[in-house]
Amino acid sequence: MYALVDCNNFYVSCERVFAPQLEGRPVVVLSNNDGCLISRSQEAKDLGLKMGEPYHLVRPLLEQHRVQVFSSNYALYGDMSRRVVQVMSSFTPAVEVYSIDEAFLDFSGLDWITKKSDLLTYGQQVRNTVLNYTGIPTCVGIAPTKTLAKLANRLAPRTGPTRTMVLATAADWEPALARVPVDTIWGVGRRYARKLTELGINTGLELARLPEHWLRRHLGGVVGQRLWRELHGQPCLEWNPAEWDDDQLQPNTASRHSVTCTRSFGRPQHQETVLAEAVATFATKAAEKLRRHGQAAHLVTVILGTDRFAPAPGPKTHTAVISLPTSTNDTGMLIKAALQGLRHLRRAGTAYHRAGVLLTGLEPEGQAQLGLFSGSAADQQRSQQLMKAMDGLNARFGRQLVRSAAMGVAKNVDGLLQKPVWAGRAAHCSPRYTTGWDELWQVR
């Protein structure tokens, strides 16, 4: 049996943990650069606010109904997600983090759970413990396969004390499949949904009742066959568990093929020094991700974007790819390559609205094949020691306390560090309650 635990309106719920007076009030969270709505409380949804609506268009409605608005605070959301997963891991050693607000739990090793009522009770216990320990409300769906667990979670009540649904047998999941449109089944994409609808297949149950060979032939071969078996209670999807090392969650990286860091600027930038600081910062963050996942990269792709809504013809996104002689996760080497790509891309007088760094050609760190003219094994070892020392200092005393000069010097005004010139807009950002010593939650 698998359980899918989904955090309700996760970003909003994280904000409410530290602002309990917002319970029952409409709340929304904005995307990067305060662009559009990416999380809404149920009260905000009841006002007709849609996911992805531009903030500047719905601002009058938000002000009219006194909706509380927050800018994205990913430092807070990421740490709260880690805490939620850590609580869930106490119920089963097998946890697969699916996204920042969802995780699968494998109950197959819990032999004492033999009845549907046991599963329902255990699912409620998971939900109640997560709520008590972190303050984050969740819904739980339990079924024999991941696809059916997704379905159970979707149909679980969003209000009330239970918020848990169990689809243990075909007698449970067939009526549930009959209730949902075929395009809501996990694994049925937009193109296949359109195709199925044109053939008169409108519900999940109608899809499940088709012959297995039909899905294999018409829905992507083995992918369609796996979907058919999942809908019949036969687990077919791979299990990618999270890993714990020294009480820190390490997501499974078996399927990771790239690491990226991109941002939109608060206002258009054209100065070379400002763009260089931004790209160096993105390369640094991407390098930290690489080391956290125990990987190294062969290719560095630099991305620059102009105004996508400008009437001028031509592409709005430009890229440059730098191939490294030896794979690395050394921040200095990655910054050097990224700045080389920036010099190749940048055009004087052009205003850029966004930038980013993409690292690909990943392989496990420490296994790089040395080039004829590249650094020796001793140089590589010194690089790893330096990066380990830098990461340790930043983890202990504060993120980016030790950093490359290419990222620019943080300006201190009246005791407060100022954001860089290129930083995105975040006019409604809450404090980093759990990760910043200067922003700890204060109870008055």
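This one's a predicted model, so the numbers in the text were calculated from it and none came from an experiment. (Residues numbered from 1 in each chain as written. Predicted model: local features only at pLDDT ≥ 70, side-chain atom pairs only at ≥ 80, totals over all residues. Heavy atoms only, no water.)

A.B. asks: What is the right way to read the overall build of the protein from this model?
C.D. replies: The secondary structure content of the protein amounts to 14 helices and 17 strands. Against the 2.2 N^0.38 benchmark of 22 Å for 444 residues, the protein shows a C-alpha radius of gyration of 24 Å, consistent with a compact globule. Here the protein, with 444 residues, has 44% of them falling under the buried criterion. In the protein, once contacts between residues fewer than 6 apart in sequence are set aside, the share between residues at least 24 apart is 66%. Across the protein, the 51 positively charged side chains and the 39 negatively charged ones have centroids separated by 6 Å. (Helix = DSSP H or I, 4+ residues; strand = E, 2+ residues; numbered from the N terminus. Rg over C-alpha atoms; globule rule 2.2 N^0.38 Å. Buried < 20%, exposed > 50% of the residue type's maximum accessible area, 1.4 Å probe, protein only. Contact = heavy atoms within 4.5 Å. Lys, Arg positive; Asp, Glu negative; His and termini not counted. Charge placed at Lys NZ, Arg CZ, Asp CG, Glu CD.)

A.B. asks: Looking at this structure, I do not really get the sheet that holds strand β3 (residues 37–40). What am I missing?
C.D. replies: The strand order across the open sheet built from three strands is β3-β2-β4, with neighbouring strands paired in mixed fashion. Each of the sheet's edge strands pairs with one partner strand only, and the pair in question is β3 and β4 (68–70). Across this sheet, the average inter-strand angle for adjacent strands is 25°, counted without regard to direction. As paired elements, strand β2 (residues 27–30) and β4 share three bridges and run parallel to each other. Bridging from a neighbouring strand, Val-29 pairs with Phe-70 of β4. In the packing of helix α1 (residues 10–17) onto the sheet, contacts are made with β2, β3 and β4, and the angle to β2 comes to roughly 115°. (Pairing = 2+ DSSP bridges. Axes fitted to C-alpha atoms, helices over the stretch in contact; angles between N-to-C directions.)

A.B. asks: It is not clear to me how the pattern of salt bridges should be interpreted in this structure. Could you clarify?
C.D. replies: Pairing is possible between side chains that carry opposite charge, provided their charged atoms lie close to one another. On inspection of all chains with the given rule, the structure shows twelve salt bridges. A salt bridge links Arg-16 to Glu-23; its shortest N-O distance comes to 4.0 Å. Accessibility expressed as a relative area gives 12% for Arg-16, which makes it buried. A salt bridge links Arg-229 to Glu-212, with the shortest nitrogen-to-oxygen separation between them at 2.8 Å. (Salt bridge = Lys/Arg side-chain N within 4 Å of Asp/Glu carboxyl O.)

A.B. asks: What should I look at first to understand empty space enclosed by the protein in this one?
C.D. replies: To find leftover empty space, one rolls a probe the size of a water molecule over the atoms. Applying the stated rule across the entire model yields two cavities of 30 Å³ or more. In this structure, the largest cavity spans a volume of roughly 50 Å³. Contributing to the lining of the largest cavity are Val-5, Cys-7, Ser-81, Val-84, Val-85, Met-88, Ser-99, Ile-100, Asp-101, Glu-102 and Ala-103. Looking at the lining of the largest cavity, the elements with two or more residues in it are β1 (2–7), α4 (74–88) and β6 (102–106). It is α4 that contributes the most residues to the lining of the largest cavity, four residues altogether. Class assignment for the residues of the lining of the largest cavity results in seven nonpolar, two polar and two charged. (1 Å grid on protein atoms, 1.4 Å probe; cavity = no way out; pocket = protein on both sides within 12 Å on 5 of 7 lines; lining within 4 Å. Points joined across faces, edges and corners; volume = space filled by probe spheres on them. Nonpolar A, V, L, I, M, F, W, Y, C, P; charged D, E, K, R; others polar.)

A.B. asks: Explain the packing of aromatic side chains to me, please; I cannot follow it from the model alone.
C.D. replies: For any pair of aromatic rings, geometry is given as the distance between the ring centres together with the angle between the planes. Overall, the coordinates contain 13 aromatic pairs when judged by the stated rule. Ring centres of Phe-18 and Tyr-433 lie 4.4 Å apart, and the angle between their planes is 15°; this geometry places the pair in the stacked category. Of this pair, Phe-18 sits in the loop between α1 and β2 while Tyr-433 sits in the segment after β17 (416–417); the two residues are 415 residues apart in sequence, bridging distant segments of the chain. The burial state of Phe-18 is the same as that of Tyr-433; both residues are buried. (Phe/Tyr/Trp six-rings, centres within 6.5 Å; stacked < 30°, edge-to-face > 60°.)

A.B. asks: Please clarify how a positive patch on the surface should be interpreted in this entry.
C.D. replies: On the surface, Arg-190, Arg-191, Arg-194 and Lys-195 cluster together to form a positively charged patch. With respect to the secondary-structure elements, Arg-190 resides in helix α8 (residues 190–198). Residue Arg-190 is classed as exposed on the basis of its relative accessible area, which comes to 72%. (Patch = residues over 30% accessible without salt bridge, like charges linked within 9 Å, V, L, I, M, F, W, Y side chains within 5 Å. Areas by Shrake-Rupley, 256 points an atom, 1.4 Å probe, with all protein chains shown as cover.)

A.B. asks: Teacher, can you tell me more about the confidence of the model for the protein here?
C.D. replies: Note: predicted coordinates in regions of low pLDDT should not be interpreted at a detailed level. A residue-level look at the protein finds 92% of positions with pLDDT of 70 or above and a mean pLDDT of 88. Counting interchain partners and residues more than four positions distant, the pLDDT-below-50 stretch residues 244–251 has 19 contacts. (pLDDT = per-residue confidence, 0-100.)

A.B. asks: Any chance you could explain the pairing of β3 here in plain terms?
C.D. replies: Looking along a regular strand, one sees the side chains alternate between the two faces of the sheet. Relative to β3, β2 runs antiparallel, the two sharing three bridges. Each bridged residue has a counterpart across the sheet, and for Leu-30 the counterpart in β3 is Leu-37.

A.B. asks: Explain helix α12 (residues 272–292) here, please?
C.D. replies: Each α-helix turn comprises 3.6 residues. Residues three or four places apart therefore point the same way. Here α12 contains 21 residues, and its C-alpha end-to-end distance of 30 Å stays within 8% of the 30 Å for a straight helix at 1.5 Å per residue. In terms of burial, α12 is a largely internal element, 16 of the 21 residues being buried. Phi turns positive one or two residues past the end of α12, at Gly-294, with a value near 70°. (Expected span 1.5 Å × (residues − 1).)

A.B. asks: I keep staring at helix α11 (residues 222–231) and nothing clicks. Help me out?
C.D. replies: Within α11 the residues assigned to the buried category are Gly-224, Gln-225, Leu-227, Trp-228, Glu-230 and Leu-231. If you follow the buried residues of α11, they end up packed against α6 (146–155), α7 (170–179), α9 (204–208) and α10 (212–218). Residue Gly-233 follows α11 closely and has a positive phi angle near 85°.

A.B. asks: Looking at this structure, how should I read the nonpolar core?
C.D. replies: The nonpolar side chains of a soluble globular protein tend to be buried with one another. In this structure, Phe-10, Met-88, Leu-105, Phe-107 and Val-126 are the most contacted members of the largest nonpolar core, which totals 37 residues. Those elements that place two or more of their residues in this core are β1, α1, β2, α4, β6, α5 (116–134) and β7 (138–143). It is α4 that contributes the most residues to this core, seven residues altogether. If sequence neighbours within four positions are ignored, Met-88 has contacts with Val-5, Val-95, Ala-103, Leu-105, Val-126 and Val-130. (Core = buried A, V, L, I, M, F, W, Y, C linked by side-chain atoms within 4.5 Å.)

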